[in-house]
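Spelled out from the first residue to the last, the chains are:
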Amino acid sequence: MSNNNIKKAIPNGLTLFRCLTSILLPVLIIYGEETGAIIAAPLLILAGLSDYFDGFYARKYNVISVLGQVLDPVADKLLVIGVILALASENLLDFYFGFIPALIIVLREILITGIRESISSYNFSLKVSLLAKWKTTLQLFACGSFLVWRMNEFFYSIDFLGIISYTLLWLAAIITLITGFQYIMSVIMFFKKSNENL
């Protein structure tokens, strides 16, 4: 493989790494015990950084691929939902403070993914907004905060880490809800204009 082909393969390789991490992380969280708890947080950080660098290298090497366009937004959702479900399975997400924001995030991501798929045949695509990028960043920070908090008994005994984790989760949920509403309104306006032009 030539050096040029290797460079062009980097963005998709990073996206695939994120997809694989979305499977590996929940397994480490649920079954990894102490070793898994230590590995999970830095692995999520690497996955989060890969989200930035796949876009960076795609722009740098002018790489546009169907695989990347399909997998890149899905990889982020798989990663966040996988971690949230794993944390929920450990009862780490408090029923009063963690369940509602976690539910908002999971349902919104599934809904918007379904909408993207449904409208793909109408020659209309939902462009990722700047706020949506911040949404993903906050989601990853919230998940990372929980993973650090549960890393060992010492961190778990620090109540302030728990407060930070739940605060980040709620902020992520609020922005997730706002961007979801924006996407839905964009779709409604598109079909409204389409009907007016008939």
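Residues numbered from 1 in each chain as written. Predicted model: local features only at pLDDT ≥ 70, side-chain atom pairs only at ≥ 80, totals over all residues. Heavy atoms only, no water.

1. Notes on the overall build of the protein chain
Thought 1: In terms of regular secondary structure, the protein chain is built from 7 helices and 0 strands.
Thought 2: Secondary structure elements in the protein chain, listed N-terminal to C-terminal, are α-α-α-α-α-α-α.
Thought 3: Radius of gyration (C-alpha) of the protein chain: 18 Å, near the 16 Å computed for a compact globule of 198 residues.
Thought 4: In terms of overall dimensions, the protein chain has a C-alpha envelope of 60 × 50 × 25 Å along the principal axes.
Thought 5: For the protein chain, buried positions account for 40% of its 198 residues.
Thought 6: Counted over contacts in the protein chain with a minimum sequence separation of 6, partners at least 24 positions apart contribute 81%.
Thought 7: As displayed, the protein chain has an accessible area near 11,800 Å², and 70% of this comes from carbon and sulfur atoms. (Helix = DSSP H or I, 4+ residues; strand = E, 2+ residues; numbered from the N terminus. Rg over C-alpha atoms; globule rule 2.2 N^0.38 Å. Buried < 20%, exposed > 50% of the residue type's maximum accessible area, 1.4 Å probe, protein only. Contact = heavy atoms within 4.5 Å. Areas by Shrake-Rupley, 256 points an atom, 1.4 Å probe, with all protein chains shown as cover.)

2. A closer look at the confidence of the model for the protein chain
Thought 1: In the predicted model, the protein chain carries a mean pLDDT of 87, and 94% of its residues have values of at least 70.
Thought 2: The least confident element of the protein chain is helix H3 (residues 66-89), whose mean pLDDT is 85; the most confident is helix H5 (residues 130-149), at 92. (pLDDT = per-residue confidence, 0-100.)

3. Looking at the packing of aromatic side chains
Thought 1: Within the structure shown, the criterion is met by 10 aromatic pairs.
Thought 2: Ring centres of Trp-149 and Tyr-166 lie 6.1 Å apart, and the angle between their planes is 75°; this geometry places the pair in the edge-to-face category. Taken together, the residues Trp-149 in helix H5 and Tyr-166 in helix H7 (residues 159-196) connect sequence positions 17 residues apart.
Thought 3: Chaining the aromatic ring pairs together yields one cluster made of Phe-97, Phe-146, Trp-149, Tyr-156 and Tyr-166.
Thought 4: Above the ring of Tyr-183, the side-chain terminus of Arg-116 is found at 5.2 Å from the ring centroid. (Phe/Tyr/Trp six-rings, centres within 6.5 Å; stacked < 30°, edge-to-face > 60°. Lys NZ or Arg CZ within 6 Å of the ring centre and 35° of its normal.)

4. Focus on the nonpolar core
Thought 1: Counting residues in each nonpolar core, the largest one holds 35 residues, and the members touching the most others are Leu-25, Leu-44, Ile-84, Leu-87, Phe-146 and Leu-147.
Thought 2: For this core, the secondary structure elements donating two or more residues are helix H1 (3-31), helix H2 (33-60), H3, helix H4 (99-119), H5 and H7.
Thought 3: Apart from residues lying up to four places away in sequence, Leu-87 is in contact with Ile-29, Leu-92, Leu-93, Phe-146, Leu-147 and Arg-150.
Thought 4: By size, the runner-up hydrophobic cluster in this structure holds 7 residues, among which are Ile-112, Leu-126, Ala-132 and Tyr-183. (Core = buried A, V, L, I, M, F, W, Y, C linked by side-chain atoms within 4.5 Å.)

5. A look at the environment of Ser-186
Thought 1: Within the fold, Ser-186 resides in helix H7.
Thought 2: Counting along the chain gives 36 residues from Ser-186 to Arg-150, while the straight-line C-alpha distance between them is 39 Å.
Thought 3: Sequence-distant contacts of Ser-186, defined by excluding residues within four places in its chain, comprise Phe-124 and Leu-126.

6. Observations regarding the layout of surface pockets
Thought 1: There is about 210 Å³ of room inside the second largest pocket.
Thought 2: Elements with a contribution of two residues or more to the lining of the second largest pocket: H1, H2 and helix H6 (153-156).
Thought 3: Sorting elements by how many residues they give to the lining of the second largest pocket places H2 first, with 3 residues.
Thought 4: Broken down by class, the residue content of the lining of the second largest pocket amounts to 5 nonpolar, 1 polar and 5 charged. (1 Å grid on protein atoms, 1.4 Å probe; cavity = no way out; pocket = protein on both sides within 12 Å on 5 of 7 lines; lining within 4 Å. Points joined across faces, edges and corners; volume = space filled by probe spheres on them. Nonpolar A, V, L, I, M, F, W, Y, C, P; charged D, E, K, R; others polar.)

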